[in-house]
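Summary of the model geometry
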Amino acid sequence: MDVIQSFFQYILDFGAAVFVPLLMIIVGVIARMKFREALSSGIILGVAFIGMGIVIGFMLDALTPAAQSLVEKTGIQLNIIDGGWTSMATLAWAWPLAFLMFPLQMLVNAILLVLNKTKTLNVDLWNVWGKILTAVLIIGVSGSIVLAFIVAAIQMVVELLLADVNQKQIEKITGIPGITCSHSMMIFAVFLLPFNWLLSKIPFLDKHVDADTLKDKLGIFAENHVMGFIIGGLLGIFAGYSLQDILMLAVQAAAALTLFPMVAKLFMQALSPLSEAISDFMKRKFENRELFIGLDWPILAGSNEAWVAMILMVPVTLIYAIILPGNNILPFAGIINISLAVPALIITGGNLLRMLLLGVITTPIFLYVATGFASTITKLANDTGAVTVQDGQLISWSTLEYPVFRYIFASASEGNIIGIIMVAVWLALFVAYYKMMKKRTEKFEKEEEQNSAA
Amino acid sequence: MKKVIVACGSGVATSQTVVSKVKKILEKNGVRANVEAVDIKSLDLHVKSSDVYIAITKAKKQYDIPTLNGIAFLTGMGLQEETEKLISLLK
């Protein structure tokens, strides 16, 4: 036993940039990739880890002193740096058991399809990383690998059921039939349900707002380099920097936000042959079924309502970060709150005013959960060696996807009674959401029938 | 060499998936082209220097370059048609 254990420890001690590519090559060969391809993918994966490590380190080194200066000058304590989703994906893939999430997802999806409990075939294998992140957070909090896989499996079931009931609404927004979004970020819509219900009682909010013109005017602020420059500049000003230092910080921040997606792309490049093979395999197995193909969220990225909501939420998030007592996260790489705007788009059916109000109501939740998970996430980063976070630096994600689901399940996994009660409440809300969207689907179908009859 | 761009929400995941599919298809058909994943937030900038845009969304806006349906590459439905269009645009 000891020999095996020390052998595994030896492998892990290579660091994520070495052992995850090694795993990837082995998994690739098992999945019948050509060795040459598997090797190439594996090395690219290592490059992705090294690249992300460099950019995250650069970001932390640039922003942390400014955050320290901010607290000295103003007393505002924002000492947790927001690494955004790309940083979290890096941590997730660095988990030694990460690849097991592929077969688990295939199994869960296949079982639900065979039992006729879902009509969705999730071919978006990339986003298993969301389940991996949930699992590592559960382990970080509870230490239990078994619970981590159980919660990840629950998340897989939930995302498939949500993909089923959201399909018609998604078709209405995208105009594309037969597809749905099986991204877990839709889980947040369950939490939005009661707030959306209250807001739907206010007739004034039913007004249609022209998002297209707003998008044209505001779109430039959403570009990574512009957003980075503005946030870096603002931070420099509030930190009491000199003009030269303000501008340097602004450009450094712009560089970090521009480089993150460029480097994170390498993860995808490395993993896509494998995920393609898996999704082709699954499609072949269920060829003769009428299915919704479950895809990643960008099928909804044509919605200007979503973009306007994301952009307008940026100043709201920054203001909340400053004024909320107990918030310690400095929103940065994750500041564009996709995790909020996309589920809000679905639940409101594209009503911009309601989306914005939902954002104003729920943004504090994102910031508090990000603050709450920061020490767990920082510890994970150091444990896996995927990212080096220096002493005194903290990292998290200001717009962590489905923060409520992750927080209460993590809390329940610790055996916390309140957490367990919250899980029960959440499940009840989930059933209510499921029924509400089912009714909405029937209404849409009836309208379609009438239109085709007329 | 002609340039093809694929855009998605961050230029990381979905667009990169389509890029690797498209690259494979082009390789099989012996067509050479630059295929690149880009961020939809900066799409206007990228369109200027590209020849074909593969969209994953139904865009309201019309662009000056031919636009193909990227969903076909993700789901396999209508793939043949989009492939033929792409190849004829690049030849």
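Throughout this description, residue numbers start from 1 for each chain and increase along the sequence as written. The lettering of chains begins at A and the numbering of ligands begins at 1, in the order of writing. Since the coordinates come from a predicted model, pLDDT governs what is reported: local features require at least 70, and pairs of side-chain atoms require 80 or more to be given and counted, while whole-chain, interface and lining totals use all residues.

Describing the overall build of chain B
Cut-off, in case you're wondering: Runs of H or I in DSSP of at least four residues are treated as helices and runs of E of at least two as strands, each being numbered from the N terminus. Using C-alpha atoms as the atom set, the radius of gyration is obtained and then compared with a globule rule of 2.2 Å times the number of residues to the power 0.38. The exposure label follows from counting other C-beta atoms within 10 Å of a residue's C-beta, where the C-beta atoms are placed from the backbone and the thresholds are 20 or more for buried and 12 or fewer for exposed, leaving partly exposed in between. Here contacts are defined at the residue level, using C-beta atoms placed from the backbone and a cut-off of 7 Å between them.
A count of helical and extended segments in chain B gives four helices and four strands. Ordered by position in the sequence, the α and β elements of chain B form the string β-α-β-α-β-β-α-α. Computed over the C-alpha atoms, the radius of gyration of chain B is 12 Å, within 12% of the 12 Å expected from 2.2 N^0.38 for a compact globule of 91 residues. For chain B, the spread of C-alpha atoms along the principal axes amounts to about 30 × 25 × 20 Å. By residue count, 44% of the 91 residues in chain B fall in the buried class. Looking at chain B alone, contacts between residues at least 24 apart form 56% of all its contacts between residues at least 6 apart.

Things to note about the overall build of chain A
For chain A, the count of helices and strands is 16 helices and six strands. Its C-alpha radius of gyration of 22 Å places chain A within 12% of the 22 Å reference for a compact globule of 454 residues. With 454 residues in all, chain A has 53% of them scored as buried.

Concerning the interface of chain B and chain A
The following threshold applies: Charged means Asp, Glu, Lys or Arg here, nonpolar means Ala, Val, Leu, Ile, Met, Phe, Trp, Tyr, Cys or Pro, and polar covers whatever is left, Gly included.
Every contact between the two is made by 25 residues of chain B and, on the other side, 26 residues of chain A. For the side of chain B that touches chain A, the secondary structure elements donating two or more residues are α1 (14-28), β2 (34-39) and α3 (71-75) of chain B. Sort the elements by how many residues they give to the side of chain B that touches chain A and α1 of chain B lands first, with four residues. Classifying every residue of the side of chain B that touches chain A by side-chain character gives 10 nonpolar, 11 polar and four charged.

Topic: the pairing of strand β3 (residues 52-55) of chain B
Residues and elements named next belong to chain B. Just so we agree on the cut-off: Should DSSP find at least two bridges between two strands, the strands are regarded as paired.
The side-chain alternation of β3 yields two buried faces, one formed by Val52 and Ile54 and the other by Tyr53 and Ala55. Across three bridges, strand β1 (residues 3-8) lies against β3 in parallel orientation. Bridged to Val4 within β3 is Val52. In terms of strand pairing, β3 meets strand β4 (residues 67-69) through three bridges, oriented parallel. By the bridge assignment for β4, Ala55 is matched with Asn69.

A short note on the nonpolar core
All names here are of chain A. As a reminder, the rule being used: Joined through C-beta atoms within 7 Å, a set of buried Ala, Val, Leu, Ile, Met, Phe, Trp, Tyr and Cys residues constitutes a nonpolar core.
Counting 183 residues, the largest nonpolar core has Ala92 and Ile132 as the members making the most contacts within it. Top element by residues in this core is helix α11 (residues 243-285). It accounts for 18 residues. Aside from chain neighbours lying at most four places away, what touches Ile132 is Ala92, Trp93, Trp95, Ala98 and Met101.

Re the sheet that holds β3 of chain B
All names here are of chain B. Let me state the cut-off plainly: Helix axes are fitted to C-alpha atoms over the stretch in contact, other axes to C-alpha atoms as well, and angles between N-to-C directions run from 0 to 180 degrees.
Spatially, β2-β1-β3-β4 is the arrangement adopted by the four strands of the open sheet, whose pairing is parallel. Either end of the sheet is taken by a strand with one partner, and the two such strands are β2 and β4. Averaged over all neighbouring strand pairs, the angle between strand axes comes to 30°, with direction disregarded. Bridge count for β1 against β2 is six bridges, and the pairing is parallel. Paired with Cys8 across the strands is Asp39, a residue of β2.

Some words on unusual backbone geometry
Glycine aside, a negative phi is what most residues show, and trans is what most peptide bonds show. Residue and element names in this part refer to chain A. With phi around 60°, Asn116 is a residue other than glycine that occupies positive phi space. Tracing the backbone shows Asn116 in the loop between α5 (101-114) and β2 (120-122). The phi dihedral of Tyr402 is positive, around 35°, even though this residue is not glycine. Structurally, Tyr402 is set in the loop between β6 (394-396) and α15 (403-413).

Digging into the sheet that holds strand β1 (residues 80-82) of chain A
All names here are of chain A. Strand order in the open sheet formed by three strands is β5-β1-β6, and the pairing between neighbours is parallel. Each having just a single partner strand, β5 (329-330) and β6 make up the two edges of the open sheet. Note: β1 against β6, three bridges, orientation parallel. Within β6, the position partnered with Ile80 by the bridge is Leu394.

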